[in-house]
Amino acid sequence: MKEFFGFGGYSRTPEGYLSPQHLLFVSALMAVMVVLAVVLGQRFRGRGVAERMKPLAVAAILMDGIELFKIVIICIRNNDPWSWLYMLPLFLCSIQLITIPLAAFARGRVQEAALDFVAVFGLLGAVLGTYGAGNNYGAYPVLSIDNVASGLTHSIAGFAALYILLSRSASMKKRNMPLTFLILSAFCAVAYAADLLLPYNYMFLMRGDGTPYDILYNLLGGHPVLYPLSVFLLFIAYISGFYGVYYLLAGRRRAPRVSVGPA
């Protein structure tokens, strides 16, 4: 247990980013995530809002509980009560620590916007935070509190997104699109300010840190203005693309069938 939590430092050498151990671990998490989302999405589809929010409520409590536990352990391990400043929910994936509870427990337009935001970003965050997390799996052993807790929280975010879509809980109303953009923009602004003040690398706005963002960082030569701006614009482009594909598929599903047989 001491080795799992990293008290006194890890004696094990990290297996490495994209190692067989890394890929096996995150693939197992993704498989469980998809199975649970499909089963529960089908079971709760068509029920009332309160019923459909029950799996999301459990997901929200589990996700926030695991993250809080990890923060407490790391603060104790580092013997620094201020370590939490470097674990704020200011990454694209960790925004779900706030939006999933809002989706589960809020009401009205706030709930609608939160459901849409989780649906749009939850699955992307789950993939980037597991398969793309070179910053974590290159630094810590796979079976450690750092990677296990991170893998679980990212998988829960992916589950929430898939469940919302499969249970048809996302409204995806055009009037809520500005709120989705606003939520993302506000978090990016706060993350950028925190990056400058601490300093840190929230939202990966400063550098790639071994993640796929390194591709963009290297293309732009690490430009202090163009790089963070390009990361933000990628987020905006992703939102626009997601809504575009969603409306295209929804339009095809509603399109009437045209008979081509004889009259």
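Residues numbered from 1 in each chain as written. Predicted model: local features only at pLDDT ≥ 70, side-chain atom pairs only at ≥ 80, totals over all residues. Heavy atoms only, no water.

*Asks:* Please explain helix 8 (residues 145–166) as it appears in this structure.
*Replies:* Note on helix geometry: an α-helix contains 3.6 residues per turn, so any two residues three or four positions apart are oriented the same way. Here helix 8 contains 22 residues, and its C-alpha end-to-end distance of 31 Å stays within 8% of the 32 Å for a straight helix at 1.5 Å per residue. Buried residues dominate helix 8, accounting for 19 of its 22 residues. (Helix = DSSP H or I, 4+ residues; strand = E, 2+ residues; numbered from the N terminus. Expected span 1.5 Å × (residues − 1). Buried < 20%, exposed > 50% of the residue type's maximum accessible area, 1.4 Å probe, protein only.)

*Asks:* What exactly am I supposed to notice about the pattern of salt bridges here?
*Replies:* When charged atoms on two side chains of opposite charge get close, those side chains can pair. Tallied over the full model, the rule gives 8 salt bridges. A salt bridge links E51 to R47; its shortest N-O distance comes to 3.5 Å. Owing to a relative accessible area of 36%, R47 belongs among the partly exposed residues under this scheme. Close ionic contact of K70 with E67 constitutes a salt bridge, the shortest N to O distance being 3.6 Å. Placement of both K70 and E67 in helix 4 (residues 54–78) is noted, with a separation of 3 residues, approximately one turn of the helix. You'll find K70 and E67 in the same group, each marked buried. (Salt bridge = Lys/Arg side-chain N within 4 Å of Asp/Glu carboxyl O.)

*Asks:* Hey, could you run me through the layout of surface pockets in this one?
*Replies:* The method is simple in principle: a probe with the dimensions of a water molecule rolls over the atoms, and the space it marks as empty is what remains. Here the largest pocket is characterised by a volume of approximately 890 Å³. As for the largest pocket, its lining consists of 37 residues, and the residues nearest its centre are K70, F91, N135, N136 and Y200. If you list the elements that add at least two residues to the lining of the largest pocket, you get helix 4, helix 7 (134–137) and helix 8. In terms of residues, the lining of the largest pocket owes the most to one element, helix 4, which gives 6 residues. (1 Å grid on protein atoms, 1.4 Å probe; cavity = no way out; pocket = protein on both sides within 12 Å on 5 of 7 lines; lining within 4 Å. Points joined across faces, edges and corners; volume = space filled by probe spheres on them.)

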